[in-house]
Each structure stands twice: as structure tokens, then as C-alpha cells.
Amino acid sequence: MTETTHNLGIENRVDLLGLTLEETQTFFHSMGQEKYRAAQVMRWIYQGLSVSFDPMTNLSKELREKLTATARIGRLTTLQVFKSEDGVKKFLFGLDDGSRIESVYIPTQDHDTLCISTQVGCAMGCRICRTGKMGFTRNLTAGEIVGQLLEVRRQILDSAVRNVVLMGMGEPLANLSNTVRAIKIMTNPNGPQISWRHLTVSTSGLVPQMIELGHSVRVKLAVSLNAASDEVRSLIMPINHKYPLDELIAAMTNFPLPKRDRITIEYVLIKGLNDSDSDARMLVKLLNPVRAKVNLIPFNEELSTEFKTPLPARVAAFQDILMSKSLIAIIRKSRGRDILAACGLLASENRSDC
Ligand code: SAH
Ligand code: SF4
């Protein structure tokens, strides 16, 4: 072991969690090591779920000791796991600075989905959303974004979690560089091996960042539209003042989509506000230039005094109008409501009643 390796304290050690392959290669290069070591170590971190260098037996003992002295593998602390009666689990994670975030694990028959956070809180201030109401604390690092997936895989041993959606707390595109880095890691063959087809970024509609995302990585896109007119959208989503519908629709129309792929439009249905037949017809017209499919999400009204959820018959009627105009429209079943894990209800808190 060299002298320098002894002198580095924990804070000074490089955290390898959250580095892309290229960044990991640069780190190994700086240590005077071969490039291929980066891929080897990434596989231990993301596939072997290692949190120390000791088990990495395809590295020499000397290299493992050197790594232990110069680098570390960060991880999140699981503070609490809330279990819903419908199988959904909500994880409350603690970060190094004491911040807390939530991830939601949603088991289904053929594939399990994990909904992960990209920020502590959110600055977008959508009036329908509980995360928006808590305000913004900070961006997550790429390691903290990917770390949520690793921690859930550590704990749910029988689950492969093949589907990942960046739809938890925060606006992923307001934290674009770390979101892109996390996407590169998740889809890397040496990483947790999430196929880009099973990886979705959801945005409230940050137009320049959407364009940059499309140029940076291959990923599926979801846009929270929630209204078919500027008037209603601006009322519930302040971001619409900055990027109104015509700009948003143009960005969606030009988003680089692989053949047969579609952008998912999320449309939260709110009683009396955006759920009428004429709203449905306006939505069909608005989405005409976009290769889109629509997810209809009945508003989760837990803890809301301002808005209400429509009756099931209204939701069905809205869906019928979209489908009669050949627009694919799915009603997204709300899951995990009893533990406040459903869309728009995440807010990083302990609840003793769960
Ligand atoms: N910030 C990103 C991703 C996280 S929000 C975005 O806005 O797309 C995830 C989804 O929850 C969004 O589609 C949002 O419209 C929806 N949502 C927010 N509050 C909701 C509520 N009370 N009921 C149902 N869905 C809600
Ligand atoms: Fe932020 Fe999305 Fe909630 Fe809006 S809906 S406040 S963008 S998390």
C-alpha cells in the first residue's frame, strides 16, 4: 500500500456509486490501472450489489486494499418500509446529509416496477401534487438515484425489478445531468441492466431539457399534460406559463422516438376541471401531431381539499371518447393509496399509523 492511500479519510474517498463507465474508467486510469477494471468493479457494485471491495475476488488483494483506501461504494439507509394491502411497498430512504426520499415498488404479474425519485422535494409547485407542496430541498446525485434501485433489489430478493420509472419525488429534467448519468448507468451492460425500453422519464414539460434528453440518451418519455388548454394547465401547473402547450407539443412531436414507440401522456382527471367530454375532444385534437398513448389517472384526493376525483363513469366516458378517435387510452389503477404511495402523494415523511 502506498502512503497516499493511508492518508485519505472517508470523506475524501471517491464514491464509485453513481459514476458512469467512462467516469469509472477515468478513476482507474488515475490509479494507474487497466481500463477493464472499471467494468469489473461496476459489475460487482450493480449486479453483485457489493458495498465493499473485499468480495471482489477477481481483483488482486493488493488492488482491493488500494481501492478500500481511496474509494468507497455509497449506499442509502432504509429508514422504513410501508406495506400496502395491495402488495405495493413504499421505501423511505435516508441520505448522507439527513435528507429523506421515497421510492415505490409495484409488483405486477409479469414484471415489477420501481418508481424512483430524482430530487428531495420539487420546485415546480403543481397544485395537484403533494411533493410540489413540500417545496424543493436539493437535487439527488446520480448515485442516490441509482442507489434506490440497488437498495430495493437488496431487500426484495425474489424480485428482479425490470421496470424503472423516474416518477417519484421531483422533476427529473430539472436535474438533467444527474438523471442522464443515472440513465447511462442503469442501461449499461455492466450496470443494473435495465433496458431502455423498461426505463421511463416523466416530466412536467421542461421543453429545452426534453430536447437535450432526446439527444443525450435513449429512454422512454412520459409527459404530465393534465390539461388540454393553456388556461387550465397554467392553473394547476405553473411551468405552463414558461413553456405553454404549443411549445410542449412541438417538443413532443420532434422527440426522437424509435419505430413503433409512443410518448406516454399522463392526464390526471380532476372533477369539473378537466374531465368533460369537450376536454376529451380538445385533448384528441391537441395530440393529433404526437405519437402518443394516454394514461388517465383519476386524481388521488387524499389530503386534498382543493380538488376532487371524478366518478368512475365520468372517467370511463372520457376514455371512450379518446378511444373512439383511435387514441390509445388506459385508466391507470391507483395502487398503494393506503400508504400514500400513489401518484402525487410522496412527501418523505414517517407515518406512525402505517
Ligand atoms: N415531476 C414529474 C414526475 C413525478 S410526478 C412529473 O410531473 O411528471 C408523477 C405524476 O403524478 C405526474 O404525472 C403528476 O401529474 C401525477 N400527480 C401529481 N399529483 C397527483 C395526484 N394528486 N393524483 C394523481 N396523480 C398526481
Ligand atoms: Fe413536481 Fe411532478 Fe409534483 Fe409537479 S407533479 S410538483 S413536477 S413532482
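Residues take numbers from 1 onward in each chain, read along the sequence in its written order. To read the labels, note that chains go from A and ligands from 1, taken in the order they are written. Local features in this predicted model are restricted to residues of pLDDT 70 or higher, and side-chain atom pairs are both shown and tallied only at a pLDDT of 80 or more, whereas totals for entire chains, interfaces and linings draw on every residue. To obtain the side-chain values, all non-hydrogen atoms of the structure were used and water was disregarded.

Caption draft 1: Representation of the sheet that holds strand β6 (residues 113–115). For two strands to pair, DSSP has to find at least two bridges joining them. A run of H or I in DSSP counts as a helix once it spans at least four residues, and a run of E counts as a strand once it spans at least two, with each numbered from the N terminus. Strand order in the open sheet formed by 10 strands is β3-β4-β5-β6-β9-β10-β11-β12-β13-β14, with mixed pairing between adjacent strands. Here the strands that pair on one side only, and so sit at the sheet edges, are β3 (77–83) and β14 (329–331). With direction set aside, neighbouring strand axes in the sheet form an average angle of 20 degrees. Summarising the sheet, strand β12 (residues 263–269) and strand β13 (residues 292–298) pair through 7 bridges and their orientation is parallel. Bridging from a neighbouring strand, E266 pairs with N295 of β13. Helix axes are fitted to C-alpha atoms over the stretch in contact, other axes to C-alpha atoms as well, and angles between N-to-C directions run from 0 to 180 degrees.

Caption draft 2: View of helix α8 (residues 207–216). Under the scheme applied here, a residue whose accessible area is under 20% of the maximum for its type counts as buried, over 50% as exposed, and between as partly exposed, the area being computed with a 1.4 Å probe on protein chains only. The set of residues buried in α8 consists of V207, M210, L213 and G214. Buried residues along α8 cover an arc of 115 degrees about the axis, so they all sit on one side. Looking at the packing, one finds that the buried side of α8 touches α7 (176–187), β10 (199–203), β11 (220–224) and α11 (245–254). The directions from the helix axis to the C-beta atoms are what the arc is built from. We call two residues contacting when some pair of their heavy atoms lies within 4.5 Å.

Caption draft 3: Broad picture of the site of ligand 2. If you check the shell around ligand 2, you find C122, M124, C126, C129, G132, G170, E171 and S204 and nothing else. Just so you know the grouping, Ala, Val, Leu, Ile, Met, Phe, Trp, Tyr, Cys and Pro go in nonpolar, Asp, Glu, Lys and Arg go in charged, and all remaining residues, Gly too, go in polar. Per-class residue counts for the shell around ligand 2 are 4 nonpolar, 3 polar and 1 charged. When at least one non-hydrogen atom of a residue lies within 4 Å of a molecule or strand, that residue is treated as near it.

Caption draft 4: Region of interest: the domain arrangement of the chain. When its domains are assigned, the chain resolves into domain 1 (14–72) and domain 2 (77–339). An automatic or database domain assignment provides the domain bounds reported here. Once you take the C-alpha centre of each, domain 1 and domain 2 turn out to be 33 Å apart. Taken residue by residue, the interface counts 16 residues in domain 1 and 17 residues in domain 2. Two parts placed together each lose some accessible area; with a 1.4 Å probe, that loss summed over both constitutes the buried area. Across the domain 1 to domain 2 interface the summed buried area is about 1,200 Å²; carbon plus sulfur atoms make up 61%. Considering only the side of domain 1, the residues that lose the most area to domain 2 are Y46, Q47 and L49, jointly responsible for 39% of the buried surface there. Only one rule defines a salt bridge in this text: a Lys or Arg side-chain nitrogen within 4 Å of an Asp or Glu carboxyl oxygen. Our count for the contact surface shared by domain 1 and domain 2 stands at 1 salt bridge.

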